[in-house]
Number of protein chains: 2
Amino acid sequence: MATKNQVYIAVIGAGGVGKCFLSQLRGLAARKPSPKLNLCYVSTSRKALYNDDYSEVNMDGVAEALAASSKPPPALSKVIDYLAAAPAKAVLVDNTSSQDVAELYPLALSRGVSIVTPNKKAFSGSYQLWQDIFTAAATSGAKVYHESSVGAGLPVISTLKDLVETGDKVTKIEGVFSGTMSFLFNSFAPTSGQGGSWSDEVKKAKSLGYTEPDPRDDLNGLDVARKLTILARLVGLPVESPTAFPVQSLIPKELESSSSGDEFLEKLPAFDQQMEETKATAQKAGKVVRFVGSIDVAANKVKVGLEMFDLTHPIAALKGSDNIISFYTERYGSNPLIVQGAGAGGEVTAMGVTGDLLKVVAQIS
Amino acid sequence: MATKNQVYIAVIGAGGVGKCFLSQLRGLAARKPSPKLNLCYVSTSRKALYNDDYSEVNMDGVAEALAASSKPPPALSKVIDYLAAAPAKAVLVDNTSSQDVAELYPLALSRGVSIVTPNKKAFSGSYQLWQDIFTAAATSGAKVYHESSVGAGLPVISTLKDLVETGDKVTKIEGVFSGTMSFLFNSFAPTSGQGGSWSDEVKKAKSLGYTEPDPRDDLNGLDVARKLTILARLVGLPVESPTAFPVQSLIPKELESSSSGDEFLEKLPAFDQQMEETKATAQKAGKVVRFVGSIDVAANKVKVGLEMFDLTHPIAALKGSDNIISFYTERYGSNPLIVQGAGAGGEVTAMGVTGDLLKVVAQIS
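This structure is a prediction, so every number in the text was calculated from the model and none was measured.

**Observations regarding empty space enclosed by the protein**
If a probe as big as a water molecule is rolled over the atoms, it shows which places are left empty. If you walk through the whole model with that rule in mind, you get 1 cavity of 30 Å³ or more. When its volume is computed, the largest cavity comes out at roughly 90 Å³. Along its surface, the largest cavity is lined by A:E147, A:G153, A:P155, A:S158, A:M351, A:G352, A:G355, A:D356, A:K359, B:T159 and B:D162. Mapped onto the lining of the largest cavity, the elements with two or more residues apiece are α15 (346-364) of chain A together with α8 (157-165) of chain B. Per-element accounting of the lining of the largest cavity gives the leading share, 5 residues, to α15(A). Looking at the lining of the largest cavity residue by residue, the class counts come to 2 nonpolar, 5 polar and 4 charged.

**Describing the relation of the copies chain B and chain A**
A rotation about an axis combined with a shift along that same axis relates the two copies of the chain. Screw-axis analysis of chain B against chain A gives a translation of 0.0 Å along the axis, an RMSD of 0.0 Å, and a rotation angle of 180°. What the rotation and shift describe, once combined, is the action of a two-fold rotation axis. Counting the interface residues of chain B, we find that 100% of their copies in chain A are interface residues as well, pointing to one common contact surface.

**Re the interface of chain B and chain A**
Often the size quoted for an interface is simply the accessible area lost on bringing the parts together. With 35 residues of chain B at the contact, the number on the chain A side is 35 residues. Note on chain B versus chain A: buried area summed over both sides is about 2,900 Å², and carbon and sulfur give 55% of it. The interface formed by chain B and chain A includes 4 salt bridges. Ionic pairing is found between A:E347 and B:R331, a salt bridge with its closest N-O pair at 3.6 Å. For the interface between chain B and chain A, the tally reads 8 residue pairs in polar contact (both at pLDDT 80 or more). Breaking the side of chain B that touches chain A down by element, the ones donating at least two residues are α1 (16-30), α8, β11 (337-342) and α15 (346-364) of chain B. Sorting elements by how many residues they give to the side of chain B that touches chain A places α15(B) first, with 9 residues. Bridge count between strand β11 (residues 337-342) of chain A and β11(B): 3 bridges; the pairing is antiparallel. Looking at β11(B), one finds that A:Q340 is bridged to B:I338.

**Here we look at the nonpolar core**
With 172 residues, the main nonpolar core has A:F185 and B:F185 as its most contacted residues. If we skip the residues at most four places from it in the chain, A:F185 touches A:P190, A:W198, A:L250, A:M275, A:V289, A:R290, A:F291 and A:L306.

**Looking at the packing of aromatic side chains**
Residues and elements named next belong to chain A. Inspection of every chain in the model, using the stated rule, returns 26 aromatic pairs over all chains. On the numbers, 6.4 Å between centres and 90° between planes, the contact of F123 with W130 is edge-to-face. Accessibility expressed as a relative area gives 8% for W130, which makes it buried. Among the aromatic residues, those joined into a ring-pair cluster are Y8, Y41, Y50, Y54 and Y82.

Conventions adopted
Residues numbered from 1 in each chain as written. Chains lettered and ligands numbered in written order. Predicted model: local features only at pLDDT ≥ 70, side-chain atom pairs only at ≥ 80, totals over all residues. Heavy atoms only, no water. 1 Å grid on protein atoms, 1.4 Å probe; cavity = no way out; pocket = protein on both sides within 12 Å on 5 of 7 lines; lining within 4 Å. Points joined across faces, edges and corners; volume = space filled by probe spheres on them. Helix = DSSP H or I, 4+ residues; strand = E, 2+ residues; numbered from the N terminus. Nonpolar A, V, L, I, M, F, W, Y, C, P; charged D, E, K, R; others polar. Least-squares fit on C-alpha atoms with pLDDT ≥ 70 in both. Contact = heavy atoms within 4.5 Å. Buried area = accessible area lost by both parts, 1.4 Å probe. Salt bridge = Lys/Arg side-chain N within 4 Å of Asp/Glu carboxyl O. Polar contact = N/O pair within 3.5 Å; in protein donor to acceptor, adjacent residues only side chain to side chain. Pairing = 2+ DSSP bridges. Core = buried A, V, L, I, M, F, W, Y, C linked by side-chain atoms within 4.5 Å. Buried < 20%, exposed > 50% of the residue type's maximum accessible area, 1.4 Å probe, protein only. Phe/Tyr/Trp six-rings, centres within 6.5 Å; stacked < 30°, edge-to-face > 60°.

Below you can see the structure in the form of structure tokens.
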């Protein structure tokens, strides 16, 4: 049944990113000549579609078929057994943000199953897990690609890997790594000098769908810290975890224990004064305040928090919910290599996953 | 002699980019575990280093060995014979800007020899050559990578290919594609409103080494037109040649026939008035003038020349001799995906070549 150069694909997760990915995968399959991709497994947290003989899951109407399926997903270790025994090379596409799935990457990789994923957890959790993942991949030859774990589909991870692998010396990485934080500060402290109150901007961002259901999950800075952890490790800094360096939380201490996001939003206006002062201090200096992450490679320092920037600085001039990532390196000298654009959203995140899948398939088929 | 997964590398050209590439290649070989690269051939236009039994050319002191070599380079078709008969897969790294070498890519590819190169000529010459190259590669399975043909080591080609291959719809590409033009206009018409006379800025750029020996080779716009041709073809526009669309030359008609670059520079001040008027017109509109290339994909229109930009536009805010390339696509919406940074120079150009080589080796070894 396996034809030469065929690759078996299993997809876990069919939510926002997963749906977009499946649609992009269908687009690839429709192209002539298309890569020989055989979708042999799809699952959500409650349902699964697969055939014991690895025959293809129909890519059209996967959502409907999943809804109609009566098969619960097997244990993940069984899915890995299934893929490792496939008639040709296999790729596990993890479109979840699950720590449990991430923990099994070393097992999958050690059994020759490649991994493609936007899941930050695997690469920003314990340093031990990071080492286990890349050791397993190096040993078995299976690939692990995770472009969308930082900046969604923007070429961030691939660019950093190219810099490092070709022998450039990265001295500093700096940027705005959160679409939510970008939107909040571009609205709260625009270079034009206007901008609403902090609590109003947070409410507006939530109503536009730019924040997590509980905005504190964005404001605590952990999402940015996870991305910085990944980039720092890629340049060779053995960062232990995303809490192993200074991360400024924008949640007032008093509201950390609010019972819900709604209660938090209700009480937030009482704390606007502090952010107003920060904005005013920046304005007096002819600057704007932004929420950034930075890695000083030589000093082995990673940090996340508020910084002030000149109005002409690319970070100040950012628009909407865009991300911007600046790589300072020996070869690029005083002007960094900059990548900028949407760093969140289903389609662009899925694009990073699909692009990675094509790169992996080109190597293993 | 051939060990498993080894790849044979032939390098043509040991000038500015070639020297940097050879140094980066030495860096790769020194790394443990290093890719199994066997440098079996190096040549300049007058000398060559190689052994009939494919044994390795010593990477240390290649320049000295070339100088001391008494072997003239064989005909290029012979070099292709030699590589096609190598004991394992081979890659031809073309670090020249030679049309003659470019013309032989289809032959090399059809015989299974992959190509890695910064040489624009192959991809911006006749559309027939473009088709021959990619048809030969598709048929034989050999790879052809040319990241540094646009924007040097900046991730421009790879990003555009990812967008297209994952099914995004690119609507427009716009940017500053020439380090020389970038430097000239950032100095002549800075956003701060100062700036010297046009002819002074051209002289300064030449004295700093930012122009070709004859600055007219930059000012005629052909270099930018070549890059636009490559990008337009990658999004599917069958552009016939770099002279098949409007390209604005900044060489006054009267000076086209000047006998030398020096004579041109001497006479240029007499023509400053026109550029001053262009600058003044832009200033009155609160804008600055820049030399840009753009591709309107839907309208199938490519053009190169002067355009005016708001002071807050990323193209206006560019610094030094940086390039900037904006990709407008369906998935990225109103804010483009932007790549920015040094787009010229030996080290960053060689970096694009070395990065491509690693990608090709990962696929063929």
